[in-house]
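# Examination of the molecular architecture
Single-letter residue listing:
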Amino acid sequence: AGNAGYRVGCASSALCLTRGHDPCRYSHWRVPHPGELMPAPAAGNIGRREARDRAVQLTYEREQRGLGADDLIAEQVLAPDAYTATLLAGVERHMDQIDGLITRFSTGWPLQRMPALDRAVLRVAVYELGHEPEIPAAVILNEAVEFANTYSTDDSGKFVNGLLSAVSQELRPS
């Protein structure tokens, strides 16, 4: 409680004043600055990257606890945004197809031998590659690799990248 929020100030202020512009006109240029407080983003109003991140975490939790997507969502104190819920439900609905693709392209690595966080990252990314065609494959792969590097083992990023590249070529041929 207390000082919740992000400190911001207009990054364009000095530049705009030297050019004779009104700094407030460029208020979308925000950087951390001691002074005013900007409230944290409202629930349900997050970007797709944050939605994917939360979907990976919930997919991991879902597997660890053996819960269905609806039950897990119902337990959340802060309800996931719509895209997170779509990803979580989609992974659950298409789990057999997703796991089949992961198993087929993970030469020498049975699904249950993979780190659980790698499985979660891969499941969300494979679902998006197969069922969210408006999202560029490069975005999906890049963020999956970042999540693997952040949350899993030292070699996970390389493994996830290689596997998703192969899956992407099958699901989204050029």
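Our structure is the block above this text.
In this report, the structure presented in the accompanying data block is examined. (Residues numbered from 1 in each chain as written. Predicted model: local features only at pLDDT ≥ 70, side-chain atom pairs only at ≥ 80, totals over all residues. Heavy atoms only, no water.)

## Remarks on the environment of Glu 128
Examined against the element boundaries, Glu 128 turns out to sit in helix H6 (residues 116-131). Classification of Glu 128 as buried rests on a relative accessible area of 1%. Sequence separation between Glu 128 and Ile 140 is 12 residues, and the spatial gap between their C-alpha atoms is 7.2 Å. (Helix = DSSP H or I, 4+ residues; strand = E, 2+ residues; numbered from the N terminus. Buried < 20%, exposed > 50% of the residue type's maximum accessible area, 1.4 Å probe, protein only.)

## Comments concerning helix H5 (residues 95-105)
Of all the residues in H5, the buried ones are Met 95, Ile 98, Asp 99, Leu 101 and Ile 102. The buried residues of H5 occupy an angular sector of 160 degrees when projected down its axis, which confines them to one face. (Arc of directions from axis to C-beta.)

## Remarks on the pattern of salt bridges
Per the counting criterion, the structure on display carries 11 salt bridges. Its salt-bridge partner being Glu 134, residue Arg 48 comes within 3.5 Å of it at the nearest N-O pair. Within this pair, whereas Arg 48 is found in helix H2 (residues 48-65), its partner Glu 134 is found in the loop between H6 and helix H7 (137-151), the two being separated by 86 residues in sequence. For Arg 48, a relative accessible area of 39% puts it in the partly exposed group. Salt-bridge contacts for Glu 92 lead to Arg 62; the nearest nitrogen and oxygen are separated by 3.6 Å. A residue pair is termed long-range when its members are at least 10 positions apart, and Glu 92 in helix H4 (residues 82-93) and Arg 62 in helix H2 qualify at 30 residues. Looking at Glu 92, the relative accessible area reads 31%, which means it is partly exposed. Through salt bridges with shared partners, a single network forms among Glu 63, Asp 99, Arg 119 and Arg 123. (Salt bridge = Lys/Arg side-chain N within 4 Å of Asp/Glu carboxyl O.)

## With respect to the nonpolar core
Ranked by internal contacts, the top residues of the largest apolar core, which has 31 residues, are Ile 102, Leu 122, Val 126, Val 160 and Leu 164. Looking at this core, the elements with two or more residues in it are H2, H4, H5, H6, H7 and helix H8 (156-171). With 8 residues, H6 is the single largest residue contributor to this core. (Core = buried A, V, L, I, M, F, W, Y, C linked by side-chain atoms within 4.5 Å.)

What is shown is where atoms sit, not what they do.
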